[in-house]
Amino acid sequence: MTVFDEDEPARAPWLVTLADLSLLLVGFFVFLQATQVDPMKLAAGIRSGFGASEAGPAPMPVDLATATGFAPGSALPTDTSSALEWARTAARDPRTRLRVTGEVDGSPADVDPATGSGPILAADRARAVAALLVRAHAIDPSRIVISTGRGQRRAVLTLGFEGDRP
């Protein structure tokens, strides 16, 4: 059997509704304040809280070219004329970024001769092509990103639109 305390004063039902309305109003004002924050500053604050320094995902590739003709175990390209001309045209827009991905074919012969490492050879291929582009004044070095991959004996140049990032 449940016993209710008859001495406790009854509360008016409108008090519960007033409390709900007050909480909704506070939430609305918090939302208004949150939308006044600069989204770039908010994103930077969140990234720094997690210890990340990159300003966002890599730009989406919109065009590509290849530098081919690498001999097994070599980082010296033989066929770069079309990639160089492509890069000159593609890099005219300052809102773009060029990613140079050096690749190896995965065979035992296609490794760096000094270290026996495929990824090091892939990085050397990407660096060699990037250096060629910079020497030819096709693109500013601050707009080049170098990466490595596995596929063929080549360097893949991808153009990504970065937009109006600060």
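Our structure's up above, just so we're on the same page.
Definitions and limits used
Residues numbered from 1 in each chain as written. Predicted model: local features only at pLDDT ≥ 70, side-chain atom pairs only at ≥ 80, totals over all residues. Heavy atoms only, no water. Pairing = 2+ DSSP bridges. Helix = DSSP H or I, 4+ residues; strand = E, 2+ residues; numbered from the N terminus. Axes fitted to C-alpha atoms, helices over the stretch in contact; angles between N-to-C directions. Salt bridge = Lys/Arg side-chain N within 4 Å of Asp/Glu carboxyl O. Buried < 20%, exposed > 50% of the residue type's maximum accessible area, 1.4 Å probe, protein only. Core = buried A, V, L, I, M, F, W, Y, C linked by side-chain atoms within 4.5 Å. Contact = heavy atoms within 4.5 Å. Polar contact = N/O pair within 3.5 Å; in protein donor to acceptor, adjacent residues only side chain to side chain.

Colleague: How do you make sense of the sheet that holds strand 2 (residues 96–104) when you look at a structure like this?
Modeller: Within a beta sheet, neighbouring strands are joined by backbone hydrogen bonds and run either parallel or antiparallel to one another. On the basis of which strands lie adjacent, the open sheet formed by four strands has the order 1-4-2-3 and mixed pairing. This sheet does not close on itself; its edge strands, each paired only once, are strand 1 (60–67) and strand 3 (144–150). Strand-to-strand twist of the sheet, defined as the mean angle between neighbouring strand axes without regard to direction, takes the value 25°. Across seven bridges, strand 1 lies against strand 4 (residues 155–161) in antiparallel orientation. For Ala-67, the partnering residue across the bridge sits in strand 4 and is Ala-155.

Colleague: Honestly, the pattern of salt bridges in this entry has me stumped. Any pointers?
Modeller: When the charged atoms of two side chains with opposite charge come close together, those side chains can pair. Tallied over the entire structure, the rule returns five salt bridges. A salt bridge links Glu-85 to Arg-88; its shortest N-O distance comes to 2.9 Å. With Glu-85 and Arg-88 both in helix 3 (residues 81–90), this residue pair falls three residues apart, about one helical turn. For Glu-85, a relative accessible area of 46% puts it in the partly exposed group. Notably, a salt bridge pairs Asp-110 with Arg-125, separated by 2.6 Å at the nearest N-O pair. Of this pair, Asp-110 sits in the loop between strand 2 and helix 4 (118–135) while Arg-125 sits in helix 4, and the two are 15 residues apart along the sequence. For Arg-125, a relative accessible area of 0% puts it in the buried group.

Colleague: Where do I start with the nonpolar core in this structure?
Modeller: When a protein is soluble and globular, its nonpolar side chains tend to lie buried together. Of all hydrophobic cores here, the largest spans 21 residues; its most connected members are Trp-86, Leu-98, Val-100, Val-129, Leu-133 and Leu-157. For this core, the elements supplying multiple residues, two or more each, are strand 1, helix 3, strand 2, helix 4 and strand 4. When residues of this core are assigned to their parent elements, the largest contribution, five residues, is made by helix 3. Those residues in contact with Trp-86, other than ones at most four positions away along the chain, are Asp-63, Leu-64, Ala-65, Leu-98, Leu-157, Thr-158 and Leu-159.

Colleague: Even after reading the chapter, I still don't get unusual backbone geometry, so can you show me in this structure?
Modeller: Apart from glycine, the bulk of residues carry a negative phi angle, and the bulk of peptide bonds sit in the trans form. At His-137, a position not held by glycine, the phi torsion is positive, near 60°. For His-137, a relative accessible area of 71% corresponds to the exposed category.

Colleague: Is there a simple way to think about the side chain of Ser-74 in this case?
Modeller: Here Ser-74 is to be found in the loop between strand 1 and helix 3. The class of Ser-74 is buried, set by a relative accessible area of 18%. Polar contacts involving the side chain of Ser-74 include one to the main-chain amide nitrogen of Leu-76, which spans 3.1 Å. Contacts of Ser-74, omitting those with residues within four sequence positions, involve Leu-121 and Arg-125.

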